[in-house]
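Next come the chains, spelled out residue by residue.
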Amino acid sequence: MLDWKNAESPDATVIEELAREAIAGLPPEFAGPAAQVVLRIQDFASEEFLDELEIDDPLELTGLYDGVPMTEKSASDPQHFPDTVWLFRRAILDEWASRGNVSLGALVSHIVVHEFAHHFGWSDADIAAIDRWWE
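- The protein chain is annotated in an unreviewed UniProt entry as Metallopeptidase family protein from Paracoccus broussonetiae.

**Side note on the nonpolar core**
- Of all hydrophobic cores here, the largest spans 28 residues; its most connected members are Leu87, Ile92, Val108, Val112 and Phe116.
- Elements with a contribution of two residues or more to this core: helix 1 (12–24), helix 2 (28–34), strand 1 (38–42), strand 3 (84–88), helix 4 (89–99) and helix 5 (104–120).
- When residues of this core are assigned to their parent elements, the largest contribution, nine residues, is made by helix 5.
- Setting aside residues no more than four positions away along its own chain, Phe116 makes contact with Ile23, Ala34, Val37, Val85 and Trp122.
- Core analysis: the second largest hydrophobic core is formed by nine residues, Leu50, Ile55, Trp86 and Ala91 among them.

**Focus: the packing of aromatic side chains**
- Applying the stated criterion to the full structure yields three aromatic pairs.
- Note on Phe49 and Trp86: the rings are 5.5 Å apart at their centroids and 65° apart in plane angle, and the pair reads as edge-to-face. You can see Phe49 sitting in helix 3 (residues 47–52) and its partner Trp86 sitting in strand 3, a full 37 residues away along the chain.
- Taking relative accessible area as the criterion, Phe49 reaches 10% and is therefore assigned buried.
- Cluster of aromatic residues (ring-pair linked, three or more members): Phe30, Phe116 and Phe120.

**Focus on the packing of helix 4 against helix 5**
- Two elements in contact, helix 4 and helix 5, have axes whose closest approach is 10 Å; the angle formed by their N-to-C orientations is 125°. In terms of axis orientation, helix 4 runs oblique to helix 5. Read as a crossing pair, helix 4 and helix 5 show a hand that is right-handed. The segment helix 4 lies against helix 5, with Ile92, Leu93, Glu95, Trp96 and Arg99 engaging Leu104, Leu107, Val108 and Ile111.

Parameters at a glance
Residues numbered from 1 in each chain as written. Predicted model: local features only at pLDDT ≥ 70, side-chain atom pairs only at ≥ 80, totals over all residues. Heavy atoms only, no water. Core = buried A, V, L, I, M, F, W, Y, C linked by side-chain atoms within 4.5 Å. Buried < 20%, exposed > 50% of the residue type's maximum accessible area, 1.4 Å probe, protein only. Helix = DSSP H or I, 4+ residues; strand = E, 2+ residues; numbered from the N terminus. Contact = heavy atoms within 4.5 Å. Phe/Tyr/Trp six-rings, centres within 6.5 Å; stacked < 30°, edge-to-face > 60°. Axes fitted to C-alpha atoms, helices over the stretch in contact; angles between N-to-C directions. Parallel < 35°, antiparallel > 145°, perpendicular 65-115°, else oblique. Left-handed = near helix turned anticlockwise from the far one by under 90°.

This is the structure we're talking about:
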């Protein structure tokens, strides 16, 4: 059993490790391309992201895909920035604590799959086949 009296809050490294495990666990046809997407962990979403999404509370945004979905890319269109999946540690920890019935690994995996769904242009059925959370 975890010694909660001496436990520390999971840091960005822990969140990144859990996210990379989730990416590696994607079906092979997606895991390779997903590994090419930049993964960034921050405590909170930037004001720019929050304003763009019209979100007032930074604890409401646990993750974000920033890029052009693969279904919309064209070889003739220049890409000015790399596709990036952002995970927001404090919002993730807040959701984890408020749920109280899911492991941190399961929550991070769910968020990662959701963000990569945006990258790959997956349908709800595609997501449900990979992440049972969506059923």
